[in-house]
Amino acid sequence: MSSQISEIEQEQLIEKLEIFKIHGRDKRGRKILRIIGKFFPARFLSLDVLKKYLEEKIFPRLGRKPFAVLYVHTGVQRSENFPGISALRAIYDAIPVNVRDNLQEVYFLHPGLQSRLFLATCGRFLFSGGLYEKLRYISRVDYLWEHVRRNEIEMPEFVYDHDDDLEYRPMMDYGQESDHARVFAGAAVDSSVSSFSMRCIS
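Rules used in this analysis
Residues numbered from 1 in each chain as written. Predicted model: local features only at pLDDT ≥ 70, side-chain atom pairs only at ≥ 80, totals over all residues. Heavy atoms only, no water. Buried < 20%, exposed > 50% of the residue type's maximum accessible area, 1.4 Å probe, protein only. Helix = DSSP H or I, 4+ residues; strand = E, 2+ residues; numbered from the N terminus. Pairing = 2+ DSSP bridges. Salt bridge = Lys/Arg side-chain N within 4 Å of Asp/Glu carboxyl O. Phe/Tyr/Trp six-rings, centres within 6.5 Å; stacked < 30°, edge-to-face > 60°. Lys NZ or Arg CZ within 6 Å of the ring centre and 35° of its normal.

Going by the annotation in an unreviewed UniProt entry, the name recorded for the protein chain is CRAL-TRIO lipid binding domain superfamily, with Arabidopsis suecica given as the source organism.

(A) Summary view of the pairing of strand β4 (residues 103–109). Counting buried positions over the seven residues of β4 gives six, a clear majority of the element. Where strand β3 (residues 67–72) and β4 come together, six bridges link them in parallel fashion. Across the sheet, residue Leu 70 finds its bridge partner in β4, namely Tyr 107. In terms of strand pairing, β4 meets strand β5 (residues 135–138) through four bridges, oriented parallel. Directly across from Phe 108, in β5, lies its bridge partner Tyr 137.

(B) Looking closely at the pattern of salt bridges. Across all of its chains, the model carries eight salt bridges by this definition. One salt bridge in this structure joins Glu 18 and Lys 21, with 3.9 Å as the shortest N-O distance. Salt-bridge contacts for Glu 105 lead to Arg 30; the nearest nitrogen and oxygen are separated by 2.8 Å. Of the two residues, Glu 105 is situated in strand β4 and Arg 30 in the loop between β1 (20–25) and β2 (31–36); the sequence distance between them amounts to 75 residues. No difference in accessibility class separates Glu 105 from Arg 30, as the two residues are buried. Overlapping salt bridges bring together Asp 26, Arg 30, Glu 105 and Arg 136 as one network.

(C) Structural detail: the packing of aromatic side chains. Tallying each qualifying case throughout the model produces four aromatic pairs. Taken together, a centroid distance of 5.1 Å and an interplanar angle of 80° make the contact between Tyr 71 and Phe 108 edge-to-face. Residue Tyr 71 is located in strand β3, and its partner Phe 108 is located in strand β4; the two are separated by 37 residues in the primary sequence. An identical accessibility class is assigned to Tyr 71 and Phe 108; each is buried. Between Phe 108 and Tyr 137 the ring centres are 5.7 Å apart and the planes differ by 65°, which places this aromatic pair in the edge-to-face class. Taken together, the positions of Phe 108 in strand β4 and Tyr 137 in strand β5 put the pair 29 residues apart, joining distant regions of the chain. Connected via pairs of aromatic rings, a cluster forms that spans Tyr 71, Phe 108 and Tyr 137. Sitting above the plane of the Phe 158 ring, Lys 38 keeps its charged end 4.3 Å from the centroid. The side chain of Arg 100 reaches across the aromatic face of Tyr 92, ending 4.7 Å from its centre.

Quick look at the structure:
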């Protein structure tokens with residue numbers, strides 16, 4: 001992550017985009033911290049500003065009770081909104097122990113094959129405190145409602161659109177077909193454009 005704007009502007013950007021939002025509860029009555037990966041402006045945020053924002057605006061609001069995280073991975077692109085492995089590790093390490101202990105579940109929506117493989121091979125080493133064991137992969141929004149109270153969670157429209165794409169193009173789930181609209185819409189039968197995803201973690 002690199003900073004090209006002032007700290008105040010970075011904080012305002014985080015607020016405006018609503019990357020982190022505490023609202024709704026899961027079926028066990030736990031608060032939910034919703035994180036929209038696509039909205040994360042990795043190129044403009046510094047790690048220090050992000051950690052400060054979480055410490056001041058998010059962690060205190062979670063209180064001392066068990067909570068869950070809903071991470072929406074839909075539309076995350078390595079070059080645009082993925083902060084990097086080292087940044088993820090630093091963010092996780094900065095979470096206070098009491099907050100980390102209260103994290104009971106991480107609902108990972110639209111994970112994709114590459115992110116599953118990465119977490120399966122590196123997740124246990126990167127994240128301490130048993131975080132990997134708390135992951136619940138959710139491949140479709142409809143499956144999310146088995147764990148989360150549907151009428152309490154707002155979801156961006158592009159998440160539902162991606163769900164529709166997955167229904168018509170199921171190979172996207174397995175990394176065998178790109179989820180980039182330009183490749184899908186523009187590639188002819190004899191096109192040399194690869195149908196494989198070009199993302200690092202999708």
